[in-house]
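# An overview of the molecular structure
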Amino acid sequence: MIEFKKLALSDKPWVDEILLSEDSESADYNFGNMYMWVKKYPQLVARFENRLLIRNCGSVPCYSFPVGTGELRPAVEALREYASDFGEKFCMLGLTDKQKAELEKEYPDCFTFRENRFFSDYIYLAESLASYSGKALHGKRNHCNRFMSEHDWEFVPLTRELIPACMDMLTDWSTDNAERLEASVEAEYDAITRGFAAYEALKLDGGALFADGRLVGFSVGERTGSRTFVVHFEKAMTDSDGVYPMVCREMTRLVMAKYPDVLYINREEDMNIDSMRYSKMSYAPEYLLTKYDAERKNE
């Protein structure tokens, strides 16, 4: 039987090796997200040959697509057997189009797929976010121009020394937005705190925006796949016009300078929050990375 375990920082080397071989643009398949969000989205992991198995331990237990290399069927059958031993209906969440096609090829007409719009990732061209060129983004460009004209500003790499100031800003931001975002604020606060505590071990990249000597925004993310950088968190104080567009633009420029081969920025899902969906659409995504839930038929 599969021996699932809680994800630990010590698992990062072998998990990263498998995730790199999967080379997915999905925000779900990177170590940072798995580690930081474990309180809200508890998961157990196991290695099966050259594949990563993930058991999502929510109110209805389910599994992720067994990412990695090698034969797919043995990994899927191992998960099915595990679910059966616990009397569970076998299902998988968060499959991309590529993973859906792989599963359908191996199991023709054996699974029912349901698109889950809530968890679609917003994918942007890095060059677009770094320049805000074109008609669709002229508003973002204007906001940045106004911000730069009104403030003495700088955007610097996020280091351990800056994390206390970021946490102070996050506390203020969370208080200001608690009523609007309700329960999601507390969950995100916990995830960011967990990420900052293991910032170096997780090998996260971040940046901080200062205006007139005051910290007004920060962004944190990591590589996911060979061509994509995923932004996990982006926070800004909105008492100055243009702070969010500035953080987004400058973080993208920082990423492109450090990782010249990055073509896309994944700004994750909108969590079915209307204001977040509006904001993510306003940055003109190149496309949405569709995700599907899969259930085994007649099981």
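Heads up: these notes are all about the structure in this document. In this text, all values refer to a predicted model and were calculated from it rather than measured experimentally. (Residues numbered from 1 in each chain as written. Predicted model: local features only at pLDDT ≥ 70, side-chain atom pairs only at ≥ 80, totals over all residues. Heavy atoms only, no water.)

### Concerning the packing of aromatic side chains
Using the criterion set out here, one finds 16 aromatic pairs in the structure. Taking the centre distance of 5.0 Å and the plane angle of 80° together, the rings of Phe4 and Tyr82 count as edge-to-face. With Phe4 in the segment before strand 1 (5–6) and Tyr82 in helix 3 (residues 73–85), this pair connects stretches of sequence that are 78 residues apart. One residue, Lys140, lies across the ring of Tyr283, its end atom 3.9 Å from the ring centre. Looking at Lys235, its charged tip hangs above the ring of Trp173, at a distance of 4.4 Å from the centre. (Phe/Tyr/Trp six-rings, centres within 6.5 Å; stacked < 30°, edge-to-face > 60°. Helix = DSSP H or I, 4+ residues; strand = E, 2+ residues; numbered from the N terminus. Lys NZ or Arg CZ within 6 Å of the ring centre and 35° of its normal.)

### So, unusual backbone geometry
A positive phi is found at Asp23, a non-glycine position, where the angle reads about 55°. On the accessibility criterion, Asp23 (37% relative accessible area) is partly exposed. Non-glycine residue Glu49 carries a positive phi angle of around 55°. (Buried < 20%, exposed > 50% of the residue type's maximum accessible area, 1.4 Å probe, protein only.)

### Focus on the pairing of strand 3 (residues 51–56)
With six of six residues buried, strand 3 lies mostly within the body of the structure. Neither face of strand 3 is exposed, since Arg51, Leu53 and Arg55 on one face and Leu52, Ile54 and Asn56 on the opposite face are all buried. Looking at chain direction, strand 2 (residues 43–48) and strand 3 are connected through six bridges and run antiparallel. When the sheet's bridge partners are listed, Leu44 is paired in strand 3 with Arg55. With antiparallel pairing between neighbouring strands as the criterion, strand 2 and strand 3 make up a hairpin whose turn holds two residues, including Glu49 at a positive phi of roughly 55°. Two elements, strand 3 and strand 5 (residues 67–68), share two bridges in a ladder whose sense is antiparallel. Across the sheet, Leu52 pairs through a bridge with Val67, a residue of strand 5. Sheet topology note: the strand 3/strand 4 (residues 62–64) ladder contains two bridges and is antiparallel. Counted as the bridge partner of Asn56 is Cys62 from strand 4. Between strand 3 and strand 4, which pair antiparallel in sequence order, lie five residues. (Pairing = 2+ DSSP bridges.)

### Re a nonpolar patch on the surface
Among the surface-exposed residues, Tyr41, Phe118 and Phe119 lie close enough to one another that they form a single nonpolar patch of about 280 Å² accessible area. A relative accessible area of 36% places Phe119 in the partly exposed class. (Patch = residues over 30% accessible without salt bridge, like charges linked within 9 Å, V, L, I, M, F, W, Y side chains within 5 Å. Areas by Shrake-Rupley, 256 points an atom, 1.4 Å probe, with all protein chains shown as cover. Salt bridge = Lys/Arg side-chain N within 4 Å of Asp/Glu carboxyl O.)

### Considering the environment of Arg223
For Arg223, the position within the fold is in strand 11 (residues 214–223). On the accessibility criterion, Arg223 (25% relative accessible area) is partly exposed. The spatial distance from the C-alpha of Arg223 to the C-alpha of Asn266 is 9.6 Å, given a sequence separation of 43 residues. When neighbours within four sequence positions are excluded, Arg223 is seen to be in contact with Asn30, Thr228, Phe229, Tyr259, Asp261 and Val262. (Contact = heavy atoms within 4.5 Å.)

### So, the pairing of strand 6 (residues 91–95)
Of all five residues in strand 6, four are buried; the element is thus mostly enclosed. Where strand 6 meets strand 15 (residues 292–296), three bridges bridge the pair, whose relative direction is antiparallel. Looking at the pairing, Cys91 lines up with Glu295 of strand 15.

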